[in-house]
Structures are given as structure tokens and as C-alpha cells.
Amino acid sequence: MKALLASVLIAAVLVACGRAGGEAGSGSPEVAASFYPLAFIAEEVAGDDAAVTDLTPPGTEPHDLELTPRRVAEISEADLLLYLGQGFQPSIEDAAGETAGRAEDVLEGLELATLEEAEEHEDEEGEEEHGEWDPHVWLDPSRFATIATNVGSILGEIDPDNAGDYERRAEDLVKRLEDLNSEFEEGLANCERSEIVVSHDAFGYLAHEYGLEQVSIAGIDPEGEPSPGRVAEVADFADEHGVTTIFFETLVSPDIAETIANEIGVTTDVLDPIEGEPEGTDYFGAMRANLKALMLALGCS
């Protein structure tokens, strides 16, 4: 990574010199966000006062992101880099120290859950190093709201002339997230079942907040290869607990989920971890689609 960073110093200068200003206009803060949820929150809070770049291209699994020289240059020239720590995107964590501006790990200061047995779900050969804590905080509207407030404060410090606008937009976003939280609480309050079987260990915060039990096929890495024993264990659990739906997700293969579903005679459906930009909608639309899928699978009234 250090060699790559050194090789793009000239590219960084060229990118900076070649900019005609971001969407927010010349002189506005440049924000680099590591992947879609952080880009979404930054855009909502920034409005027209700052330009936001999503460092993870559409359709790319963010865990696997490898930075191009252009992306490294964008990081090095950013006024603000927003990223998730805990090994979620190692390439961006490695590059965070090279930005000329401010780098913020949005997990700092949040109440986090441990990964516990997440890594045990994967074959030893397929495991990667991850942090001690679960990074999937954006799937909990309450924790995501805390990030929105923090981003508003940070942008206000970087660009004090527009601090009031950042704060106002952050407050508006927090209100929308509070409303979303209420929708989940109401929608999942009266259900026949509480167990959800998912492709990878991404829904722990969501499950905890709304009284559900997450059972994941793979561990924290969505492309980690679960052992045959783990697949059999999940199939047995689903069968014993009357699970009606095995959830897969949008950016990885559904093959294993479909295999388990076929084995025990149930259906499959999408539960989106929202690690990439949802097609035809945004974070709120994807979360509401998740709520609808959960209510159907769990027999909620």
C-alpha cells in the first residue's frame, strides 16, 4: 500500500489541478466516503455545500475493494474521509493516514457488539482478519442517526460558514431515521417467529434492536466459504424452528442459500445489507423493502 500511495502523489496533484470543482462548486469541501451508506449520509447532510465521492464503485462488494491510483488520489486530496474501521475495508483504512484533510472512522464512539462466533462460520482457509467488533451499524437506524449527527458536526467544523445548514440537514435526517426505527418497531412487534437465516453475519444490530435471532450461513465476510458442517447446522436449525425463508443478498451468490432452502422445502428472498447502492431506490427504500421481507417471512401482523 505504501508503494501504491507513493506512486500516486503526482496523480493526486494532477487530479487536484484538473478539478473544476465538485457538484457543490469550486471551493466547497471535498468528502470521500468509503462506501454507499456513508456516501448517502454525507450527501444528505452536505446538500449543495460539499461534494461527495463514493470510493466503492456500484456493484462492487465493499469488503473486497482494492483502491485504484485515482481513488488513492481522491483520498489524499479529500478535506474529509469517512470510513468504517474494524477491518471492514482494509485498503481504505491503510490509506486513511495519507489524506491531506481529516479522516474519521465513524465507528469511533459508538456502542458496538462483538463479532463473537462470526468467524467460526467460515472455513479456516477462507477466513480473513477482521476487527473485534461488528461494523454493520448502518442497519440499525438509531446508530445510523448518531453517525448523521456526527457528520453534521464534522462538516460544520471543516466549513464553519455553512455549519448551520449542515446541522439542520443532519437534524432532518435524524428525524427520518427515527421514523424508520418506529416503522420497524411497529412492523416487527407481533410475529409468529423471530428467527432469521441470512447469508452472512450482517444483521446482528438489526436483530438485537427488534427482538430477532440472526443465524448466518457465513461469517462477517459475505464471500467467506462456510464449512459443510456449518451449512448442515444452519439447515437443521431452520427446519427445527419452522423457518419459512432463507435470505440471500444482492452482491454475492445465492447458491448456498438456495441449496439450504431446497433441502428443507422453503423459499428464498432478498435481505439487503445495503453495502452497495440499491437499484432504483436509496437507503430508506432498501430498509423498508427489508422490513416488508422480514414481516412476510416471520408472519408478522
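Scroll up to find the structure.
About the thresholds
Residues numbered from 1 in each chain as written. Predicted model: local features only at pLDDT ≥ 70, side-chain atom pairs only at ≥ 80, totals over all residues. Heavy atoms only, no water. Helix = DSSP H or I, 4+ residues; strand = E, 2+ residues; numbered from the N terminus. Buried < 20%, exposed > 50% of the residue type's maximum accessible area, 1.4 Å probe, protein only. Lys, Arg positive; Asp, Glu negative; His and termini not counted. Salt bridge = Lys/Arg side-chain N within 4 Å of Asp/Glu carboxyl O. Polar contact = N/O pair within 3.5 Å; in protein donor to acceptor, adjacent residues only side chain to side chain. Contact = heavy atoms within 4.5 Å. Pairing = 2+ DSSP bridges. Axes fitted to C-alpha atoms, helices over the stretch in contact; angles between N-to-C directions. Parallel < 35°, antiparallel > 145°, perpendicular 65-115°, else oblique. Nonpolar A, V, L, I, M, F, W, Y, C, P; charged D, E, K, R; others polar. Patch = residues over 30% accessible without salt bridge, like charges linked within 9 Å, V, L, I, M, F, W, Y side chains within 5 Å. Areas by Shrake-Rupley, 256 points an atom, 1.4 Å probe, with all protein chains shown as cover. Charge placed at Lys NZ, Arg CZ, Asp CG, Glu CD.

Observations regarding the side chain of aspartate 105
(1) Moving on: Tracing the chain through its elements places aspartate 105 in strand β4 (residues 102–105).
(2) Moving on: It turns out aspartate 105 is buried and unbridged, and the closest side chain with the opposite charge, arginine 102, is 12 Å from it.
(3) Moving on: There is a polar contact of 3.0 Å between the side chain of aspartate 105 and the backbone nitrogen of leucine 107.
(4) Moving on: Residues within four places of aspartate 105 in sequence aside, it is in contact with Tyr83, Leu84 and Gly85.

Quick look at the sheet that holds strand β2 (residues 51–54)
(1) Moving on: The sheet built from four strands is open, its strands ordered β2-β1-β3-β4 with parallel pairing. Edge strands, defined here as strands with exactly one partner in the open sheet, are β2 and β4. Looking at each pair of strands side by side, their axes are set apart by 20° on average, direction ignored.
(2) Moving on: Sheet topology note: the strand β1 (residues 30–33)/strand β3 (residues 80–83) ladder contains three bridges and is parallel. Note that in β3 the partner of valine 31 across the bridge is leucine 80.

Some remarks on the packing of helix α6 (residues 141–158) against helix α7 (residues 163–187)
(1) Moving on: Between α6 and α7, whose axes approach to 8 Å, the crossing angle comes to 175°. The orientation of α6 with respect to α7, classified from their angle, is roughly antiparallel. From α6, Pro141, Ser142, Phe144, Ala145, Ala148, Thr149, Gly152, Leu155 and Gly156 reach across to α7, where they touch Ala163, Tyr166, Ala170, Leu173, Val174, Leu177, Leu180 and Asn181.
(2) Moving on: Here the contact of α6 with α7 is composed, by residue class, of twelve nonpolar, five polar and no charged.

As for a negative patch on the surface
(1) Moving on: Taken together, Asp236, Asp239, Glu240 and Glu263 make up a surface patch of like negative charges.
(2) Moving on: The biggest single contributor to the negative patch is helix α9 (residues 228–240), with three residues.
(3) Moving on: Mapped onto the elements of the fold, glutamate 240 is located in helix α9.
(4) Moving on: Exposure remark for glutamate 240: the relative accessible area of 66% places this residue in the exposed category.

A word on the pattern of salt bridges
(1) Moving on: Per the counting criterion, the structure on display carries 14 salt bridges.
(2) Moving on: With its nearest N and O atoms 2.6 Å apart, the salt bridge here joins glutamate 104 to arginine 102.
(3) Moving on: Glutamate 233 is paired through a salt bridge with arginine 230; the nearest N and O atoms lie 3.3 Å apart. Residue glutamate 233 and its partner arginine 230 are located together in helix α9, separated by three residues, close to a single helical turn.
(4) Moving on: Residue glutamate 233 is classed as partly exposed on the basis of its relative accessible area of 47%.
(5) Moving on: What emerges from the salt-bridge pattern is a single network uniting Arg70, Arg71 and Glu74.

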